Amino acid sequence: MSSGSAPSVIQDYFVHNLVIAISGFFCCIVPGILGIVGLVNALNVRTHLARHDLAAAQVSAGTAKTFFTIGLVFLIILVVFWLAYFGIVMGVVLFDEATP
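Residues numbered from 1 in each chain as written. Predicted model: local features only at pLDDT ≥ 70, side-chain atom pairs only at ≥ 80, totals over all residues. Heavy atoms only, no water.

Points about the pattern of salt bridges
Part 1: All told, the structure shown has 1 salt bridge when counted by the stated rule.
Part 2: Asp12 is paired through a salt bridge with Arg46; the nearest N and O atoms lie 2.5 Å apart. Of this pair, Asp12 sits in the segment before helix 1 (14-27) while Arg46 is found in helix 2 (residues 29-50), placing the two residues 34 residues apart along the sequence.
Part 3: With a relative accessible area of 17%, Asp12 lands in the buried category.
Part 4: When its relative accessible area of 43% is taken as the criterion, Arg46 is described as partly exposed. (Salt bridge = Lys/Arg side-chain N within 4 Å of Asp/Glu carboxyl O. Helix = DSSP H or I, 4+ residues; strand = E, 2+ residues; numbered from the N terminus. Buried < 20%, exposed > 50% of the residue type's maximum accessible area, 1.4 Å probe, protein only.)

What to know about the side chain of Asp12
Part 1: At 2.5 Å, the side chain of Asp12 and the side chain of Arg46 are in polar contact.
Part 2: Among all residues touching Asp12, those that are not within four sequence positions of it are Ala42, Val45, Arg46 and Ala64. (Polar contact = N/O pair within 3.5 Å; in protein donor to acceptor, adjacent residues only side chain to side chain. Contact = heavy atoms within 4.5 Å.)

Overview of the packing of helix 1 against helix 2
When two helices pack together, you describe them by how their axes are tilted relative to each other and by the distance separating the axes.
Part 1: In contact at an axis separation of 7 Å, helix 1 and helix 2 are set at 160° when each is read in the N-to-C sense. The pairing of helix 1 with helix 2 is recorded here as roughly antiparallel in orientation. Regarding helix 1 and helix 2, the two cross each other, and that crossing is left-handed. Residues Phe14, Asn17, Leu18, Ile20, Ala21, Gly24 and Phe25 of helix 1 lie in contact with helix 2, whose contacting residues are Ile29, Pro31, Gly32, Ile33, Gly35, Ile36, Gly38, Leu39, Ala42, Leu43 and Arg46.
Part 2: Of the residues belonging to the contact of helix 1 with helix 2, the class tally is 12 nonpolar, 5 polar and 1 charged. (Axes fitted to C-alpha atoms, helices over the stretch in contact; angles between N-to-C directions. Parallel < 35°, antiparallel > 145°, perpendicular 65-115°, else oblique. Left-handed = near helix turned anticlockwise from the far one by under 90°. Nonpolar A, V, L, I, M, F, W, Y, C, P; charged D, E, K, R; others polar.)

Structure, rendered in structure tokens:
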């Protein structure tokens, strides 16, 4: 670093991936696995920052962000399908009970 530049802050996405991992295992397995892979990369960011290896930390941060984004998209899609499925099933059940 030059003497006049401010230190760069690299976000590790640890908490983001932790939320995806926990919520993914409650809903379905795919986002949970993606969250765990993101957690591993988030921890790699912290390790690289401790070693002052900013280039490797940025690569790991990008990978952690990618797995967070993919896991979040999977989670949203699966929750929407899950709600739609149970909405249809419950609608059919309630409709059958209402007909004489």
